[in-house]
Structure formats: structure tokens, C-alpha cells
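Secondary and tertiary structure notes
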Amino acid sequence: MAIVELQNIRKVYDKKVAVEGLSLSIEPGTMFGLLGPNGSGKTSTIRMMIGMTVPDSGTVKLFGQPFTRDQLKRVGYLPEERGLYKKMKVLEQLVFMGQLHGLEASLAEKRALAWCERMEITEAIPKKVEELSKGMQQKIQFIAALLHEPELVIMDEPFSGLDPVNAQLLMDTLLQLRGEGKAVVFSTHRMDQVEKLCDAIAIVYRGKLVLEGQTREVKSRYPRNRVQAVFQGDDSFLRHEGVASANNYAGIAEIALRSPEFAQPLLVEAIARGTQFTRFEVIEPTLEEIFIESVKKTPEYAAAGGRIDV
Amino acid sequence: MSSSLSTVLLIARREYLERVRTKGFLIATLLIPAVMGALTWGSATLASRAKTTSHVAVVASDTVFAHDLKQQLGSSAQDAMQVDLVEPTTASRARLDEQLQDKHSTLAGYLWVTSPATAGALPHFTYKARSAGDISTKTALEDAISAVLLRERLSERGLSHAEIDQLTEKVTVDTSASGNTKAAFIAAYTMFFLMYMVIMLYAMNTARSIIEEKTSRVFEVMLATIKPEQMLAGKILGVGGVGLTQVGIWMGAAYAYSTFGIMASGGHVLIGLTQVLYFIAYFLFAFFLYSSIAAALGAMTNSEQELQQLNMFLVMPLAFCMVMVFAIIREPNSRLAEIVSLIPFCSPLLMNFRLSLTQVPAWQVGLSFVLMTLTIAVILWISARIYRVGILMYGKKPSLPEILRWLKYS
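Residues numbered from 1 in each chain as written. Chains lettered and ligands numbered in written order. Predicted model: local features only at pLDDT ≥ 70, side-chain atom pairs only at ≥ 80, totals over all residues. Heavy atoms only, no water.

**So, the overall build of chain B**
When you go through chain B residue by residue, the secondary structure sums to 16 helices and four strands. At a minimum sequence separation of 6, the contacts of chain B that also span at least 24 residues come to 73%. Of the accessible surface of chain B, which amounts to about 21,100 Å², a share of 65% is contributed by carbon and sulfur atoms. (Helix = DSSP H or I, 4+ residues; strand = E, 2+ residues; numbered from the N terminus. Contact = heavy atoms within 4.5 Å. Areas by Shrake-Rupley, 256 points an atom, 1.4 Å probe, with all protein chains shown as cover.)

**Overview of the interface of chain A and chain B**
With 25 residues of chain A at the interface, the matching set in chain B holds 23 residues. Summing the contributions of chain A and of chain B, the shared interface buries around 2,300 Å²; its carbon and sulfur component is 59%. Counting across the chain A and chain B interface gives two salt bridges. The partner of B:E220 in a salt bridge is A:R47, with the nearest N and O atoms 2.9 Å apart. Counting across the chain A and chain B interface gives four residue pairs in polar contact (both at pLDDT 80 or more). (Buried area = accessible area lost by both parts, 1.4 Å probe. Salt bridge = Lys/Arg side-chain N within 4 Å of Asp/Glu carboxyl O. Polar contact = N/O pair within 3.5 Å; in protein donor to acceptor, adjacent residues only side chain to side chain.)

**Focus: the sheet that holds strand β1 (residues 55–60) of chain B**
Residues and elements named next belong to chain B. Within the open sheet, the four strands sit side by side as β2-β1-β3-β4. Their pairing is mixed. The sheet is open, and its two borders are formed by β2 (82–86) and β4 (124–129), each paired with just one other strand. Adjacent strand axes in the sheet meet at a mean angle of 20° when their direction is disregarded. Bridge count for strand β3 (residues 107–114) against β4 is six bridges, and the pairing is antiparallel. Pairing of L111 across the sheet is with Y127, part of β4. The strands that helix α5 (residues 135–156) touches are β1, β3 and β4; relative to β4, the one it contacts most, it runs at about 155°. (Pairing = 2+ DSSP bridges. Axes fitted to C-alpha atoms, helices over the stretch in contact; angles between N-to-C directions.)

**Remarks on the domain arrangement of chain A**
One frequent convention defines the size of an interface as the accessible area lost when the parts assemble. Taken domain by domain, chain A comprises domain 1 (4–220) and domain 2 (226–283). One C-alpha centre belongs to domain 1 of chain A, the other to domain 2 of chain A; they are set 41 Å apart. (Domains from an automatic or database assignment.)

**With respect to the environment of A:P285**
Residue and element names in this part refer to chain A. Mapped onto the elements of the fold, P285 is located in the loop between β14 (276–283) and α9 (287–296). For the pair formed by P285 and P223, sequence separation is 62 residues and the distance between their alpha carbons is 7.6 Å. What P285 contacts, discounting residues up to four positions off in sequence, is K219, Y222, P223, N225, R226 and I290.

**Some words on the packing of helix α3 (residues 63–75) of chain B against α5(B)**
Residues and elements named next belong to chain B. As a packed pair, α3 and α5 sit with axes 9 Å apart at the nearest point and diverge in direction by 125°. By the angle between their axes, α3 is oblique relative to α5. As for how α3 packs across α5, the hand of that crossing is right-handed. Note on element contacts: α5 touches α3 through A140, L141, A144, I145, A147, V148, L149 and E152, opposite F65, D68, L69, Q72 and L73. (Parallel < 35°, antiparallel > 145°, perpendicular 65-115°, else oblique. Left-handed = near helix turned anticlockwise from the far one by under 90°.)

**A look at the packing of aromatic side chains**
Within this structure, the stated rule accounts for 19 aromatic pairs over all chains. Both rings, one in A:F237 and one in A:F277, keep their centres 5.4 Å apart while their planes meet at 70°; by these two values the pair is edge-to-face. In this pair, A:F237 is assigned in the loop between β11 (226–232) and β12 (243–249) and A:F277 in strand β14, connecting sequence segments 40 residues apart. In textbook terms, an aromatic cluster arises when at least three aromatic residues are bridged by ring pairs, as seen for A:F231, A:F237, A:F277 and A:F280. When the ring centre of A:F96 is taken as origin, the NZ or CZ atom of B:R14, which lies over that ring, is 5.7 Å away. Lying over the aromatic face of B:W112, B:R93 brings its terminal NZ or CZ to 3.9 Å of the ring centre. (Phe/Tyr/Trp six-rings, centres within 6.5 Å; stacked < 30°, edge-to-face > 60°. Lys NZ or Arg CZ within 6 Å of the ring centre and 35° of its normal.)

**Considering α9(A)**
Residues and elements named next belong to chain A. Among the residues of α9, L287, I290, F291, S294 and V295 are the ones counted as buried. The buried residues of α9 all sit within an arc of 125° when viewed along its axis, so they share a single face. Buried-residue contacts for α9 involve β3 (31–35), α6 (191–197), β9 (200–205), β10 (208–214), α7 (215–220) and α10 (299–303). (Buried < 20%, exposed > 50% of the residue type's maximum accessible area, 1.4 Å probe, protein only. Arc of directions from axis to C-beta.)

**A closer look at the domain arrangement of chain B**
Per the domain assignment, the segments of chain B are domain 1 (2–44 + 177–408) and domain 2 (55–167). One C-alpha centre belongs to domain 1 of chain B, the other to domain 2 of chain B, and the line joining them spans 55 Å.

**A short note on the side chain of A:T298**
Residues and elements named next belong to chain A. With respect to the secondary-structure elements, T298 resides in the loop between α9 and α10. Reaching out from T298, the side chain makes a polar contact with the backbone oxygen of V295 at a distance of 2.7 Å. Sequence-distant contacts of T298, that is, excluding residues within four places in its chain, are made with Y205 and V210.

**A short note on the sheet that holds β11(A)**
Residue and element names in this part refer to chain A. Strand order in the open sheet formed by four strands is β12-β13-β11-β14, with antiparallel pairing between adjacent strands. Edge positions in the open sheet fall to β12 and β14, since each of these has one partner strand only. Across the sheet, the mean angle separating the axes of adjacent strands is 15° when strand polarity is ignored. Sheet topology places β12 next to strand β13 (residues 252–257); six bridges connect them, and they run antiparallel. In the sheet register, A246 faces β13, and the bridge partner there is I255. Sitting on the sheet, helix α8 (residues 263–272) touches β12, β13 and β14, and the angle it makes with β14 is about 175°.

Set out below in C-alpha cells:
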């Protein structure tokens, strides 16, 4: 049973089409990445998932049932725009959020304290929200979304504005939640984060779904035609007949081959010309490259005048 | 259904506690009754010391007149002045002028009486005061002079002292049946302005807190679990609860002052229990009415500056009431007064004002309650729709056609 199932949803704000004919489904125990450039319809899609806005057409199902507000007790949501009551103390705020989700005050408090410890912000507990750093506020918001132990966690740009250490802490926590069998959906425009984190992805561009599937399966659709090379000396191999395009960043080259078979001949020839390699790796295209490539194939890309606006 | 009610109460509780815990609330709640008490006590003390007690000098060649004037100023019903009698010489004028300059002298001024050139004509009176603003002494002098001259002329016409006393006896009109008019007027006016203040205060409070949630984006988190209607209901209940607490404390204090006799005058209680209850009831209606307008205004705007431009929608009906007060105070039961006080936007101010001045037929009070309830229902319906769409909108201020379109969203 899919935890989230969107069928052909469409949303139009005045004249702007935010989401058009989008369908996707998310299984339990999955880390799902919703990718797309800014303004591509990620937030609109997420808002329809939790009934904050109603699609103009199409259906939303959560936990195998048509959407009802009662289901929201089983959903944890972290909005893109963080918001907390500035004058409230951290613990009060968390307990309040927990109560809104139907928890008893005492249980909410117990869990809030445990989570604060887990997220390494115990010193913030007695403080008012306005006294805290942005990163800390974000962690509190994160906890607020998880206090009621939701089966479905939806996070809009969860890592934006966090330093690498805290971003890692959040990622680890999300991975643990997935390990507990929960479905985690998050949106991002940072492809590098998705690659190692997500089991499944969907790429949206200008309100439309461009690509969807298991991350490994999506990547395997694309041939291993990328080479990353770190070298010294002669760089004439970059102009080999098998090279479709190449970027040379002062001795670190990213090469796209016409086809995977060109990899070995390229290496042989380069060595013959005296190029010294410290690394020569044949890899799949990165998600970012897949993303750009698949966006470029859409008619909307041409309509937008060749802009991806990442 | 019960869970949605408990959500509303949860939000109301949060709004309530957040406001009640601020220092501003505590100060305003305690300060206003303190000021009220100080004012009533102050005016009561002033009233008891209403007799003019200035120290003046009378310079007159007519010694009989001078003595009579001294008698009148020194021991009449209104006055208890200290009066020096001085011979009219050039030296005495210089001495009196000197005394007026002297900081240690208590002399408030001197009256120079120039006898008339022809018999039977009025003498000429010149008063030189230490302070040009000392109206009460001047008035006391004028009254006393008139009284003395009147008595002199009557006795010249051959009337006896007893007859003159009888003729000049002061008439008092007994208003104790309806209470002290002046005090009642002040009390009604104070209540009017207090109502004006709390309506404005709490309506703006609602609007501001919506804008705050909008700018801090808190509502996005909230809307992921609860409905906008629950949020709006909780907010209005919470803010209204704070208003009720404050108004309740103020009215309790006013009632206490009134019954403990400080405000009671002529045996009449100025602010009775019924008036306190009416005030609270009309405050509640006014709050729901104006704060539902304010909620829509808050949801439409993105900042307090933008709200300022729209708050004329709140101020205009209140300003209209202010103008109407002058018409009502003369004839609280005129047709005009009846009509304007039944307009739902004005009832809280004007009907309550009439109630504190006169007997208002019960059906009018009842009708005002019904009309206000209906208006609140309509406005709340519109506001909830504007609120629901408006809080998710950022950026530019919506145009009127856009707002009308919001109303159609279900």
C-alpha cells in the first residue's frame, strides 16, 4: 500500500499553472526526494499532499485512503518557511505543537525533552525562541514535526540554511526514521544531498513530472559514460574523438563520452601521449546531470527560452 | 467535533496566556483603575474645597460698602476669603503693588473701588490680580459685589434686613432623583471613551497578531494540522478573553469605587451593577464585530504599515459614534438617538452611552443585541473566507476584485 498517492493533480493560481497532471506514489520505508528548481511546483505539490491547498483536479490519497484532515495526525510536516512563536519558550512551544497533534501535555513534554537531547539543543530548552540562532530554531521546528511520531514525514527544503554538521545530524535522523519503517518525503534543489540519501526520486520542472523512480534504477537507465580524471601534463586527450564534451578545471576533468566503450581507448591514448593520471574513474552520470539532461528534453524547457532556473 | 473544539481552545489558551503574561497587560490593567480612583478622589476632594479662600484687599472710600463686601466675601455660602480693607491713597496703591510682586505675600489681588461721580450711578471696579488666570477669585468678587449692591439698593428702597434675606435667598434645584447631572455626565463620557479605547485596542490586537503569524510564517506549521477557521476562532476567543479579563477588572474597580461612595453623589450610584454588566456585554459584541473585521484586514495585508492604511475601516464607524455623542447627550431618547444607537457598528458605544444616561426601553436593547449578533455572523463568514485565502498570500496587496474572488473559494 502506498503511503502517498497523487493522481493527476493540477493546481492553477490565477493564471499561473503551479502543478499540472502530476502523479506519483511513495511506499512505506522509503526516503523520497522531490527535486526541481525553484518555482517548479515542489511546495505546491507538498501543500496539496497535506490538504493545505486543494487540487483543482486529481486525487490525493494518504495511507491508501482518500485525503481527510484526520489523517494529518499521522503526518509530520516541516514547511519551507520556518515559523515559530518568537515569544514562547522552546519547551512550551514544543508541547503546544504536540498538543495540536493530539498528544497529552505530559507525553508531549517527555518526548520533547528526549528529542532536544537527541538533537543536541538541551541548553535551548528554557529559552525563548527569539533568543536562539537560526539553526537551533530549525532544529526545534524539526522536532515539532516529529513529536507525534508520524508515519509520514514531509519536509520542504529541510537542509537549507544548516551548517554541514547539523545537516548531517538531520540526515542521520531521517535515515533512522526510514529505518523504523516510516516514509520520508523531502524536497530540495540540492542534487548532491539526494544522491546518497534517497531511495526514490521525482523530478518536477515547471509544474510537471519529468522523471520518477528508484534512484538506482533511474541512474542505471543512463549509461556509464562519464569520466572523472585527475591528471598532469598533456591534455590533448580531452579532444579525443570519443569525447562528447569536457570541462577541465586545472587538472581535474569532467568528461562526457559519446558511449561507454570509448573509456578504455581514451585512457590508452592519453597515457601514450605522456599524460600522468592520479585518478581515472568511469562513472554513471550524477543526478544533477540526469536532472539537467531530462529537463532539457521537455518542451517547457524550450518554451522557457532554455532556462532551468536552478 | 470535540477534537476540533479542543483545538480551538488550545489555540485560544495560547493566545490568552501569551498576552496576559506581558508586562504591558499588567501595567494597563492595574494603572487604569488606579488613575480612575485618583481622578475621582481628586475631584471629590476638590469639590469639597469648592469655597474660594483667596486673600484679597478691597480699596474703597465708601467704608459701608467695603465692610459689606468683606462680610459677603468672608462668610457667605460660597466664599471664605480673607479680606483686607485699605484706604484709597497713592501710597496704599504702591504698597499693594509691591505686595503682589512679593513672593511671600499671600495677597491674590486687590479691588480698587472708585466712587461714582453722580449719586445713584454704579461705582467703577478695578481688580488687579497676581495671576491673570485666577478666574475663581474674579468670579467670586463679581458675585459678591452684585449681591452687596443689590442689598444696598433694596435697603435704600426701605426694605428691612429680614425682607432682603428672604428675597435674595439662593434657590437650589434638587436633581437627586436622577443623580448628580454633572457627575453622571462625566461618568457616561468616561465609559464611552473607555469603550472606544478597548474596542480599538483589541481589534487592532487581533489584526496585528495575524500579521505577526503571517510574517513569522507560524501559520504554515499550524495549517498543516488544523483548519484556518479553527485558528481564527481560537485567536478571536483568546484575544477576546484577554479583553474580557481586562475590562472585567476595570469594571469591577469602577463598581467598587462607585459603591464605596467615592463616586456616589447625592445618594446615587453613578456606575451601577447593571451598567457594569451592560458595558461588559456591549464590549463583547463590539469585540467580536470589530475583531472579525480586523482579522480580514490582517489577513489581507503583509505588514503593520499596510494595516495602518486600512484601519480607517475600523476607525470610521467609531468616529461616527463620536460625532453622534453630542446629539445624544442633549436628547438621549430622540428618534435620531434611537436610530443611530441601533446601528450594529454603533450600538456598543451609543446604546451603552444612552444606557448610562437614561432609561432605554428594553426592546431597543434587545433589538441591538439581535442586530449585532446577525452582523457578527455575516462579517465572520466573510472574514473567515478572506482569512483562509489571505494568510497564504504574500507579496502584493490584493485588489478588491481579487478579494471578491477569495470569497468564492470553498
